[in-house]
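Listed below are the residues making up each chain.
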Amino acid sequence: AVVSTQSTGIDACRTILVWIIDLFIHYVITSKYGENFDMTYGFLQLGGFAMLLLGTLLYNEVIYIACIASPRPPPGSGYTEISADFEGSQPVLDGSLRFG
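Predicted model, so just to flag it, every value in this text is computed and none were measured.

Under the definition given, this model contains 2 aromatic pairs. The interplanar angle of 40 degrees and the centroid separation of 5.9 Å between the aromatic rings of Trp19 and Phe37 together place this pair among those described as tilted. Of this pair, Trp19 sits in helix H1 (residues 4–29) while Phe37 is found in the loop between H1 and helix H2 (42–59), placing the two residues 18 residues apart along the sequence. Residue class for Trp19 comes out buried when judged on its relative accessible area of 12%. Judged by its relative accessible area of 21%, Phe37 is partly exposed.

The rules we used
- Residues numbered from 1 in each chain as written.
- Predicted model: local features only at pLDDT ≥ 70, side-chain atom pairs only at ≥ 80, totals over all residues.
- Heavy atoms only, no water.
- Phe/Tyr/Trp six-rings, centres within 6.5 Å; stacked < 30°, edge-to-face > 60°.
- Helix = DSSP H or I, 4+ residues; strand = E, 2+ residues; numbered from the N terminus.
- Buried < 20%, exposed > 50% of the residue type's maximum accessible area, 1.4 Å probe, protein only.

The structure is reproduced here in structure tokens:
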């Protein structure tokens, strides 16, 4: 079974794969079809894909970059996760609030 992290990575790579196939068709098979590499926006597309892939990897916690704030520290970093215990506390809305 494919886990969600792998599925997200595959979805991100699908866009670059389609673009590479499009370029391959244009330059190798026939220039009648496909897309030529636009020197104005081609590198912008590559940079956008790199940012998409980096964001996906960071969001899914596949990679950790120390200079970027992260909601969770990397495993084995010595930090402990603090969890709140709400057992025994009173609910904010207990059903007594009436409208109208």
